[in-house]
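An overview of the molecular structure
If you want the building blocks of each chain, they are given just below.
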Amino acid sequence: LACSQLMNQTCIKFKDGACPAIDSSVVVFLRKVLAIQLHDADGTSTSDSLPPHLLTEQLSIRKQAFSTLHHIVTNKATAVLYSDANIGSLNDVLKLMVDGAVTVPDPVMSKTCSQFFVALIDQWSNEAAPRHVCDTFFDLVYTEFLPGMMQRILDNSFNLKDANQNRVFKEVCR
């Protein structure tokens, strides 16, 4: 938690100047978050069999990761995502955020993850990142993020009249 808050504050204060300071800790933090996600030996999630208090704990930890990545992108410190130290984990980071936008039941976190993608689209559509990074990112947006969000929005449980879910819808439509 302290690591996440420190990275968030550093990004807010120094914007893209925060990259050298947070570069080495972003992937370490995210690996710890992903390690907490419990999986069976066959790779399937054990979240269906977990007690509710552990599910709440896992979601809280994931929210920290979503928030940190959101702060990195909205404060234009995105060079951290494709630095030499972190480029190997870029696809995992993007998939974590897709999962947050598409499957997390909390509409506020879905909106946060959607804002992450909208901000990256704005920044990387001008090819501010290397070409291979942009290609990987936009492939994921078109094959996983947008189809997943359309499924979420078209699901019967999605209530456009709910203020938080309406915000999710507006983010995706931007």
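As a starting point, this report considers the structure included with it. (Residues numbered from 1 in each chain as written. Predicted model: local features only at pLDDT ≥ 70, side-chain atom pairs only at ≥ 80, totals over all residues. Heavy atoms only, no water.)

So, the overall build of the protein
Within the protein, the secondary structure is distributed over seven helices and zero strands. Sequence-ordered secondary structure for the protein, helices as α and strands as β, is α-α-α-α-α-α-α. Computed over C-alpha atoms, the radius of gyration of the protein comes to 16 Å, within 12% of the 16 Å expected from 2.2 N^0.38 for 174 residues, which places it in the range of a compact globule. Referenced to the eigenvectors of the C-alpha coordinate spread, the extents of the protein come out at roughly 40 × 35 × 30 Å. Across the 174 residues in the protein, those meeting the buried criterion constitute 44%. Sequence separation of 24 or more characterises 67% of the internal contacts of the protein that already satisfy a separation of 6 or more. Approximately 9,400 Å² of the protein is accessible, and the part contributed by carbon and sulfur atoms is 55%. Averaging the positions of the 15 positive and the 18 negative side-chain charges in the protein gives two centres separated by 9 Å. (Helix = DSSP H or I, 4+ residues; strand = E, 2+ residues; numbered from the N terminus. Rg over C-alpha atoms; globule rule 2.2 N^0.38 Å. Buried < 20%, exposed > 50% of the residue type's maximum accessible area, 1.4 Å probe, protein only. Contact = heavy atoms within 4.5 Å. Areas by Shrake-Rupley, 256 points an atom, 1.4 Å probe, with all protein chains shown as cover. Lys, Arg positive; Asp, Glu negative; His and termini not counted. Charge placed at Lys NZ, Arg CZ, Asp CG, Glu CD.)

Points about helix H1 (residues 2-14)
Helix length check: H1, at 13 residues, gives a terminal C-alpha distance of 18 Å against a target of 18 Å (1.5 Å per residue), a fit within 8%. Residues of H1 that are buried include every one of Ser4, Met7, Asn8, Thr10 and Cys11, and no others. Projection of H1 onto a plane perpendicular to its axis shows the buried side chains occupying an angular sector of 165 degrees, all on one side. In H1, the exposed positions angled more than 90 degrees off the buried face are occupied by Ala2, Leu6, Gln9, Lys13 and Phe14. Of the surrounding secondary structure, the elements contacted by the buried residues of H1 are helix H2 (19-36) and helix H3 (52-74). (Expected span 1.5 Å × (residues − 1). Arc of directions from axis to C-beta.)

Considerations on the packing of aromatic side chains
Evaluated as defined, the whole model comprises seven aromatic pairs. Ring plane angle 65 degrees and centroid distance 5.8 Å describe the contact between Tyr82 and Trp124, whose orientation is recorded as edge-to-face. With Tyr82 in the loop between H3 and helix H4 (90-102) and Trp124 in helix H5 (residues 107-124), this pair connects stretches of sequence that are 42 residues apart. Both residues of the pair, Tyr82 and Trp124, count as buried. Note on Trp124 and Phe137: the rings are 5.2 Å apart at their centroids and 85 degrees apart in plane angle, and the pair reads as edge-to-face. One end of the pair, Trp124, is in helix H5; the other, Phe137, is in helix H6 (residues 131-154), with 13 residues separating them in the sequence. For Phe137, a relative accessible area of 0% corresponds to the buried category. Linked through ring pairs, Tyr82, Phe116, Phe117, Trp124, Phe137, Phe138, Tyr142 and Phe145 together constitute an aromatic cluster. (Phe/Tyr/Trp six-rings, centres within 6.5 Å; stacked < 30°, edge-to-face > 60°.)

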